[in-house]
Amino acid sequence: MNGFQDDVDELAREIGLDQDEVAARKAFLELGEDDVETLRDVHGLLAMHRDLFSERFYAHLMSFPQLRAMLGGGVEARLRRVQASYFDSLTAGDYDEDYIRERLRVGATHERIGLDQKWYIGAYRKYLSELVGLLWRRLQEQPERFHAAVDAVLKIVCFDMGLALDTYAHAGQRSLRQNQNYLEQVIDGMPAGLMVVDAELRAHSMNRMMADLLDVPDDLLLEQRLALEELIPSAELAGRAAEALASGAPHDNVLVTLDGRADGVRYADFNIRRAYKDGAPMLLVIGQDMTFRRKARLRLQESEEFFRLTFNQAAVGIVLLGGDGRVLRTNSKMSQILGYSEIELLQRFYQQFMDPDDLAEEQAMIARLRGGEVADYQREKRLLRRDGSQVWVSVNVSSMRDASGNQRFICVVRDIQRQKQAEEALLRMANHDALTGLPNRLLMHDRLSQAIMQAHRAGRQVAVMFIDLDRFKHVNDSLGHDAGDALIVEIARRLSSSLRESDTVARQGGDEFVVVLPDLGGQEDAGKVARKLLDNLFQPLALCGQEVFPSGSIGIAMYPGDGLDGATLLKCADSAMYGSKAQGGNQVAFYTAEMGEQATQHLRLEGALQRALQRDEFLLHYQPVVDIGSGRVTGVEALLRWQPAGHPMVSPAEFIPLAEETGLIVPIGDWVLATAMRQQVAWVRAGIGPVRISVNLSARQFLGQDVAQRVAALLEETGCDPGCLTLEITESVLMENPAAATETMGQLAAMGVQLAIDDFGTGYSSLASLKRFPIHSLKIDRSFVMDLTQDADDAAIVNAVIALAHSMKLNVIAEGVETNEQLAFLQARGCDQMQGYCFSRPVEPQGIEALLRVS
């Protein structure tokens with residue numbers, strides 16, 4: 001008891017509770033002599049009610065299971081007597097040094113028995129509530145006396161709480177410092193040598209046992225970091241250490257002979273483990289002196305007490321199980337993990353804490369451990385907390401025998417719940433698309449591989465669908481990327497809801513999706529699913545106030561007919577999807593061998609096209625534009641041609657769509673524009689002209705860059721007369737974004753450049769939209785001219801276009817005029833100009849000069 005009182009006195013000194021501090025606290029609380037007298041008066045009023053008060057107070061405490069478990073049995077009876085004495089002294093009016101020492105002792109005692117401060121504060125609250133009620137019943141006729149009594153009681157209670165809580169907190173801090181010191185002593189007192197070796201295999205530090213084992217002076221490592229081979233001359237140990245540092249594999253039982261010592265030769269056994277500190281690798285070299293085992297055992301006995309003291313401070317849960325699985329001993333960390341008190345854990349069986357899904361495997365491992373098949377095991381599993389929730393833990397279980405030979409199991413339990421949650425989140429991020437939550441490409445490949453293996457074993461088929469949304473770019477361009485994202489999310493939902501649970505739908509990227517259908521009988525099954533998907537996609541959807549009808553193009557490849565691995569099937573499905581696109585979209589196409597050949601040819605052509613500009617393989621041909629009335633050549637249209645070195649000329653129908661798709665049309669179109677302007681200037685300088693030259697602008701050129709700025713720069717660079725330049729833009733391009741098109745065309749017209757609408761009649765432009773474009777000419781598409789002498793509808797359309805253009809004072813040019821009959825029809829309807837084989841095919845610059853000179 002004296003030792004505990006000495007601890008209390010020491011705590012008072014550490015906190016600084018001298019007479020001045022006590023006086024200051026009383027002054028701050030306004031606790032004066034009048035209050036002391038009032039408390040003595042209260043003391044007399046309470047005398048006859050004290051036993052009843054104590055009974056009600058403890059009935060309240062024991063109504064809480066946590067306090068009942070802590071205060072049950074003899075503890076409650078002793079604490080009741082102590083607390084009754086305390087209640088008596090609280091209003092006795094004697095607040096000297098003994099009183100203060102007693103208050104500190106209460107705080108230290110509560111900290112020792114583990115009574116949390118919340119219960120401590122709650123007990124004061126209960127005391128005050130009961131006391132105020134009692135005083136009111138006695139003094140309600142004397143309100144001033146009642147208020148003075150309550151005020152005095154509040155002051156002395158606050159004074160007491162401050163003393164006890166300060167002591168409680170300080171005692172806890174001291175306990176933590178002591179535990180930290182104990183841990184340091186444990187390491188230094190380990191019954192084995194421990195040396196920390198850095199990544200350069202130089203000794204960083206070692207404990208006392210290792211220093212004794214190696215006969216190293218205390219200050220040697222402070223002066224220099226010696227290499228491991230200098231401290232322990234063993235090539236085998238150095239080699240094992242280097243291997244452990246590189247691979248992380250542990251190395252045990254490395255036997256080393258230590259000679260050259262004053263006490264003779266010694267034999268030491270070393271174990272090597274890799275660890276990390278501040279992100280850098282290091283080695284823990286653990287050595288035991290095999291020569292003096294008795295000395296090692298003595299060291300172990302000396303450190304046993306330290307381990308016992310640190311048992312409850314361990315950062316992991318530790319449980320000792322009996323042979324039947326009963327909990328024999330546990331620590332506070334295990335209580336925190338499971339939510340039970342240590343008392344509640346004792347005498348329970350480990351099976352009661354196991355998740356039912358993990359129990360069978362755990363019992364099998366325990367059986368192997370019990371039978372001696374394994375000495376220990378480690379696994380991750382789920383335990384059930386007291387509230388029924390699951391917690392993931394990493395458990396190391398080892399078998400041992402107690403002094404009586406009974407089998408016991410030591411379990412070291414580490415809470416990895418947050419780690420598991422982080423792993424699950426990372427795994428989901430790694431395997432799922434962030435926007436839609438669908439499996440991403442990585443997870444899809446894994447599931448496809450599994451489906452192929454299962455189909456191979458069962459003799460079934462697998463379908464891989466490549467789905468690309470039709471006209472998705474229009475949604476992004478017109479409604480914005482947020483609307484595009486919303487569309488992608490809805491498409492993902494529709495696809496997922498249309499499939500079986502065993503099927504996989506993944507987002508490949510952008511507006512592309514992949515569907516894997518395992519366990520199919522054949523193509524018919526895949527075709528039914530594909531048509532169902534298209535039907536579900538083509539349902540109205542409101543985006544930004546606009547009603548949209550999504551559709552997609554689906555390409556399908558079948559295992560094993562189209563490929564035996566995932567990569568091949570995906571490539572085939574992709575090729576089939578392009579075949580579906582070629583049919584106009586919203587179609588389903590199965591892969592065929594011809595598609596593979598087309599894809600190969602497409603890839604080869606794309607590579608050659610990438611190099612064509614660098615190799616100067618492009619050239620321009622020119623087709624005359626002829627005045628129908630006079631037959632005179634009034635201008636030419638520049639037409640792009642591609643002549644690969646050593647190969648036949650490639651048709652524009654083959655490479656221009658590819659250039660549009662890859663984006664190469666932009667630099668190619670820039671080259672066409674610059675080359676045509678230079679040619680126009682060259683003809684003028686040669687005395688031919690002035691010649692009007694027409695150049696087609698691609699959709700990407702017109703919509704994707706500052707065309708007006710580029711044309712102005714080329715006019716300046718080449719010296720071309722803007723009045724002799726006509727730029728042709730297709731009707732469909734203008735209608736994609738009429739407002740932007742109007743602004744760009746206005747800038748070009750302001751330079752003096754003439755503008756023509758190419759392929760008129762195919763873009764469904766309205767008269768209102770046509771009126772706002774600053775155009776000079778309309779070019780009737782060749783599809784209307786081709787059959788105008790046989791097809792009354794085409795003739796009516798051409799006639800209407802000519803009349804419309806003339807009403808708007810626009811020049812009309814007919815494309816693709818090949819026969820005299822077509823020419824006569826156009827001449828009779830007043831068409832202004834024509835192009836076509838009826839007059840001349842497109843020819844090289846040298847060939848066109850003769851026609852220009854004649855005109």
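Colleague: Looking at this structure, I do not really get the sheet that holds strand 7 (residues 327-330). What am I missing?
Modeller: Across a sheet, paired strands are connected by hydrogen bonds in the backbone, their directions being either parallel or antiparallel. One open sheet holds the five strands; their spatial order is 7-6-10-9-8, and the pairing between them is antiparallel. Every interior strand has two partners, whereas the edge strands, strand 7 and strand 8 (376-384), have only one. Neighbour to neighbour, the strand axes of the sheet diverge by 30° on average, direction disregarded. Where strand 6 (residues 317-321) and strand 10 (residues 407-415) come together, five bridges link them in antiparallel fashion.

Colleague: Is there a simple way to explain the packing of aromatic side chains in this structure?
Modeller: The way to describe two aromatic rings as a pair is by their centre distance and the angle between their planes. Per the counting criterion, the structure on display carries nine aromatic pairs. Centroid distance phenylalanine 538 to phenylalanine 549: 5.6 Å. Interplanar angle 45°. Geometry classified as tilted. Pair noted here: phenylalanine 538 is in the loop between helix 22 (523-537) and strand 14 (541-543) and phenylalanine 549 is in the loop between strand 15 (546-548) and strand 16 (552-559), with a separation of 11 residues, a long-range link. Seen in terms of ring centroids, phenylalanine 618 and phenylalanine 655 are 6.2 Å apart; in terms of plane orientation they differ by 40°. Their pairing is tilted.

Colleague: What should I look at first to understand the nonpolar core in this one?
Modeller: Proteins that are soluble and globular tend to have nonpolar side chains buried together. Counting residues in each nonpolar core, the largest one holds 74 residues, and the members touching the most others are Val711, Leu727 and Leu826. In terms of residue count, the dominant contributor to this core is helix 26 (residues 665-685) (nine residues). Apart from residues lying up to four places away in sequence, leucine 727 is in contact with Leu673, Val695, Leu697, Val711, Leu748, Val753, Gln754, Leu755 and Ala756. The next biggest cluster of nonpolar side chains, apart from the first, holds 37 residues, and it includes Leu45, Leu128, Ala152 and Leu163.

Colleague: What exactly am I supposed to notice about the environment of tyrosine 124 here?
Modeller: Looking at the element boundaries, tyrosine 124 is found in helix 8 (residues 117-139). For the pair tyrosine 124 and cysteine 158, spaced 34 residues apart in the sequence, the C-alpha separation amounts to 9.3 Å. Setting aside anything within four residues of it in sequence, one finds tyrosine 124 in contact with Tyr86, Val157, Asp160 and Met161.

Colleague: What's the story with the sheet that holds strand 12 (residues 504-509) in this structure? I'm lost.
Modeller: The sheet built from five strands is open, its strands ordered 12-13-11-16-17 with mixed pairing. Edge strands, defined here as strands with exactly one partner in the open sheet, are strand 12 and strand 17 (588-590). Adjacent strand axes in the sheet meet at a mean angle of 20°, parallel and antiparallel pairs treated alike. In this sheet, strand 17 lies alongside strand 16 in parallel orientation, the contact comprising three bridges. Within strand 17, the residue paired with glycine 555 across the bridge is alanine 589. Packing of helix 21 (residues 481-497) onto the sheet brings it into contact with strand 11 (461-469), strand 12 and strand 13 (512-520), and relative to strand 13 it is tilted by some 5°. This element, helix 22, spans strand 11, strand 13, strand 16 and strand 17 of the sheet and lies at about 160° to strand 16.

Colleague: What am I meant to see in the packing of helix 21 against helix 22 here?
Modeller: For any two helices packed against each other, the geometry comes down to the angle between their axes and how far apart the axes lie. Contact pair helix 21 / helix 22: the axes reach a minimum separation of 10 Å and the direction vectors enclose 140°. As summarised for this structure, helix 21 and helix 22 are arranged oblique, according to the angle between their axes. Judged by the twist between their axes, the crossing of helix 21 over helix 22 is right-handed. Facing Ile491, Arg494 and Leu495 of helix 21, the residues of helix 22 in contact are Leu533, Asn536 and Leu537. Counted by class, the contact of helix 21 with helix 22 contains four nonpolar, one polar and one charged residues.

Colleague: How do you make sense of helix 26 when you look at a structure like this?
Modeller: An α-helical turn contains 3.6 residues, so a residue and the one three or four places further along point in the same direction. The first and last C-alpha atoms of helix 26 sit 30 Å apart over 21 residues, in line with the 30 Å expected at 1.5 Å per residue. Just downstream of helix 26 lies glycine 687, where phi reads positive at about 85°.

Colleague: Where do I start with the pairing of strand 9 (residues 390-401) in this structure?
Modeller: It is a general feature of regular strands that their side chains alternate between the two faces of the sheet. Where strand 8 lies against strand 9, nine bridges are found, and the strand directions are antiparallel. Across the sheet, tyrosine 377 pairs through a bridge with valine 397, a residue of strand 9. Remark: five residues form the turn of the hairpin made by strand 8 and strand 9, two consecutive strands paired antiparallel; glycine 388 in that turn has positive phi of roughly 90°. Hairpin connection from strand 9 to strand 10: five residues lie between these consecutive antiparallel strands, with glycine 405 at a positive phi of about 90°.

Colleague: Would you mind going over the environment of isoleucine 775 with me for this structure?
Modeller: Here isoleucine 775 is to be found in the loop between helix 31 (767-771) and strand 23 (777-780). In the structure, isoleucine 775 is positioned 47 residues away from glutamate 728 in sequence and 9.7 Å away in space, judged by C-alpha atoms. Residues contacting isoleucine 775, with those up to four places away along its chain left out, are Met745, Leu755, Ile757, Leu770 and Leu810.

Colleague: How should I be thinking about the side chain of glutamine 822 in this particular structure?
Modeller: Within the secondary structure, glutamine 822 sits in helix 34 (residues 820-828). For glutamine 822, a relative accessible area of 5% gives the class buried. Side-chain polar atoms of glutamine 822 contact the backbone oxygen of valine 785, separated by 3.4 Å. Apart from residues no more than four positions distant in its own chain, glutamine 822 is found in contact with Val785, Met786, Leu788, Thr789, Gly816 and Val817.

The rules we used
Residues numbered from 1 in each chain as written. Predicted model: local features only at pLDDT ≥ 70, side-chain atom pairs only at ≥ 80, totals over all residues. Heavy atoms only, no water. Pairing = 2+ DSSP bridges. Helix = DSSP H or I, 4+ residues; strand = E, 2+ residues; numbered from the N terminus. Axes fitted to C-alpha atoms, helices over the stretch in contact; angles between N-to-C directions. Phe/Tyr/Trp six-rings, centres within 6.5 Å; stacked < 30°, edge-to-face > 60°. Core = buried A, V, L, I, M, F, W, Y, C linked by side-chain atoms within 4.5 Å. Buried < 20%, exposed > 50% of the residue type's maximum accessible area, 1.4 Å probe, protein only. Contact = heavy atoms within 4.5 Å. Parallel < 35°, antiparallel > 145°, perpendicular 65-115°, else oblique. Left-handed = near helix turned anticlockwise from the far one by under 90°. Nonpolar A, V, L, I, M, F, W, Y, C, P; charged D, E, K, R; others polar. Expected span 1.5 Å × (residues − 1). Polar contact = N/O pair within 3.5 Å; in protein donor to acceptor, adjacent residues only side chain to side chain.

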